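The lines below spell out each chain.
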Amino acid sequence: MQEQYLIQKTVIFVKETLQNSESGHNWFHIERVWKNARHIGESEHVNMLVVQLAALLHDIADSKFHDGDETVGPKMARNFLAAEKVDESIIDHVVKIMENMSFRSGYDQPSFQSIELQVVQDADRLDAIGAIGIARAFHFGGYKNREMYDPAIPPDLNMTKETYKKSTAPTINHFYEKLLLLKDKMNTTAGKKMAEDRHVFMEKYLQQFYTEWNGEA
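The rules behind these values
Residues numbered from 1 in each chain as written. Predicted model: local features only at pLDDT ≥ 70, side-chain atom pairs only at ≥ 80, totals over all residues. Heavy atoms only, no water. Helix = DSSP H or I, 4+ residues; strand = E, 2+ residues; numbered from the N terminus. Buried < 20%, exposed > 50% of the residue type's maximum accessible area, 1.4 Å probe, protein only. Contact = heavy atoms within 4.5 Å. Areas by Shrake-Rupley, 256 points an atom, 1.4 Å probe, with all protein chains shown as cover. Lys, Arg positive; Asp, Glu negative; His and termini not counted. Charge placed at Lys NZ, Arg CZ, Asp CG, Glu CD. Core = buried A, V, L, I, M, F, W, Y, C linked by side-chain atoms within 4.5 Å. Phe/Tyr/Trp six-rings, centres within 6.5 Å; stacked < 30°, edge-to-face > 60°. Lys NZ or Arg CZ within 6 Å of the ring centre and 35° of its normal. Axes fitted to C-alpha atoms, helices over the stretch in contact; angles between N-to-C directions. Parallel < 35°, antiparallel > 145°, perpendicular 65-115°, else oblique. Nonpolar A, V, L, I, M, F, W, Y, C, P; charged D, E, K, R; others polar. Expected span 1.5 Å × (residues − 1). Polar contact = N/O pair within 3.5 Å; in protein donor to acceptor, adjacent residues only side chain to side chain.

1. Quick look at the overall build of the chain
Then, number 1: Assigned secondary structure in the chain consists of 10 helices and zero strands.
Then, number 2: Residues classed as buried in the chain amount to 47% of the 217 residues present.
Then, number 3: Once local pairs closer than 6 in sequence are excluded, the contacts in the chain between residues at least 24 apart make up 67%.
Then, number 4: Summed over all atoms, the accessible surface of the chain reaches about 11600 Å², with 49% contributed by carbon and sulfur.
Then, number 5: Placing the 25 positive and 32 negative side-chain charges of the chain at their respective mean positions leaves the two points 2 Å apart.

In C-alpha cells:
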C-alpha cells in the first residue's frame, strides 16, 4: 500500500472515531501532535511512516475515557492497521510506541525504546504545555468538575502511577505534578528547543494567576 494513501486512510479513521471526543483529546489535538511529530522527525533519522501512524493513532482511545484501561487504544490501532494489511513489523512498532509514550508510563521501567517513540512522545508532550497546554488543562478540569485552584490543597510531588491516574486535585496542581516537569523530560534536540518557550509561558501565566487570585493587580 502506498504510504500516503495509508496516512489518508488513518486520518479518516481517526477523525471518525474521535468525532464526539472531549475537545482536549479530539482530532485537533491529534493534528497538532502529528504536525509536531513531522517537524521534530525532520531533524532525526526516523521511519517517518511509523512516526506519523503513531502520532495519528496515539489517542484513538485514551485510557482516561475508558475506565483507565490502557489496552483499548493499542488494540484498536492494531486491528485497524492489520485490516489495512500493514506490515507486521510496522504495526508492532506503532503499538509499542502507543504503550510506552504517556506521562503515566514514566512511572514504570521502560520496556521499549526507539527514536520514533522519542519523537512522538515529544510531539505529544509539546501539546500539553504552553498556551494550548494551559487551555487543555483547564478544559479537562472543567470537564471533570474540578476546582481551578484551592490554596488548601498542595500539589502532590511524590505521586505513584495509581495516585496520578486517580487524582481529582485542582487544575493548578496539575502544572506542578506534570506540566512544568515536561520540559526536562523531552528527548530530542528539536523537542527541547520547542519546549523552552512554552515552559516560560506557563511560568509567566502562573505568576499572573497568583497575582490576580491574591488581588494584587
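2. So, the nonpolar core
Then, number 1: Of all hydrophobic cores here, the largest spans 56 residues; its most connected members are Val14, Leu57, Val94 and Phe175.
Then, number 2: Here this core takes eight residues from helix α3 (residues 48-57), the largest share from any one element.
Then, number 3: Non-local contacts of Phe175, meaning those with residues more than four positions away in its chain, are made with Ile134, Phe138, Leu180, Met202, Tyr205 and Leu206.

3. So, the packing of aromatic side chains
Then, number 1: In this structure the tally under the stated criterion is 12 aromatic pairs.
Then, number 2: Aromatic ring contacts, followed pair by pair, group Phe138, Tyr149, Phe175, Tyr205, Phe209, Tyr210 and Trp213 into a single cluster.
Then, number 3: The aromatic ring of Trp34 is capped on one face by Arg38, whose charged end is 4.1 Å from the ring centroid.

4. Remarks on the packing of helix α2 (residues 27-41) against helix α10 (residues 189-213)
Then, number 1: Where α2 contacts α10, the two axes come as close as 9 Å, and the packing angle between them is 130°. The orientation of α2 with respect to α10, classified from their angle, is oblique. Across the interface between the two elements, Asn36, His39 and Ile40 from α2 touch Ala190, Gly191, Met194 and Arg198 from α10.
Then, number 2: Looking at the contact of α2 with α10, its residues break down into three nonpolar, three polar and one charged.

5. A word on unusual backbone geometry
For residues other than glycine, phi is negative in most cases, and the peptide bonds are mostly trans.
Then, number 1: A positive phi angle is found at Lys85, which is not glycine, with a value near 60°.
Then, number 2: Structurally, the position occupied by Lys85 is in the loop between α4 (72-83) and α5 (88-100).

6. Here's the deal with the environment of Leu157
Then, number 1: Counting through the fold element by element, Leu157 comes out in the loop between α7 (130-143) and α8 (161-166).
Then, number 2: Once the C-alpha coordinates of Leu157 and Asn79 are considered, the two residues, 78 residues apart in sequence, prove to be 38 Å apart.

7. Quick look at the environment of Gln118
Then, number 1: Its place among the elements puts Gln118 in helix α6 (residues 115-126).
Then, number 2: A relative accessible area of 23% means that Gln118 is categorised as partly exposed.
Then, number 3: If we ignore the near neighbours within four places in the chain, the residues touching Gln118 are Gln113, Asn187 and Thr188.

8. Examining α2
Then, number 1: For α2, built from 15 residues, the straight-helix expectation of 21 Å at 1.5 Å per residue is met to within 8% by its first-to-last C-alpha distance of 20 Å.
Then, number 2: Those residues of α2 lying buried are Trp27, His29, Ile30, Val33, Trp34, Asn36, Ala37, Ile40 and Gly41.
Then, number 3: Where α2 is buried, its residues touch α1 (3-17), α3, α6, α7 and α10.
Then, number 4: Sitting at the head of α2, Asn26 places a side-chain oxygen 3.2 Å from the backbone nitrogen of Phe28.

9. Here we look at the environment of Asp124
Then, number 1: Within the secondary structure, Asp124 is located in helix α6.
Then, number 2: Taking relative accessible area as the criterion, Asp124 reaches 17% and is therefore assigned buried.
Then, number 3: Between the C-alpha atom of Asp124 and that of Ile30, which follows or precedes it by 94 residues, the distance is 8.5 Å.
Then, number 4: Sequence-distant contacts of Asp124, that is, excluding residues within four places in its chain, are made with His29, Val33, His58 and Met101.

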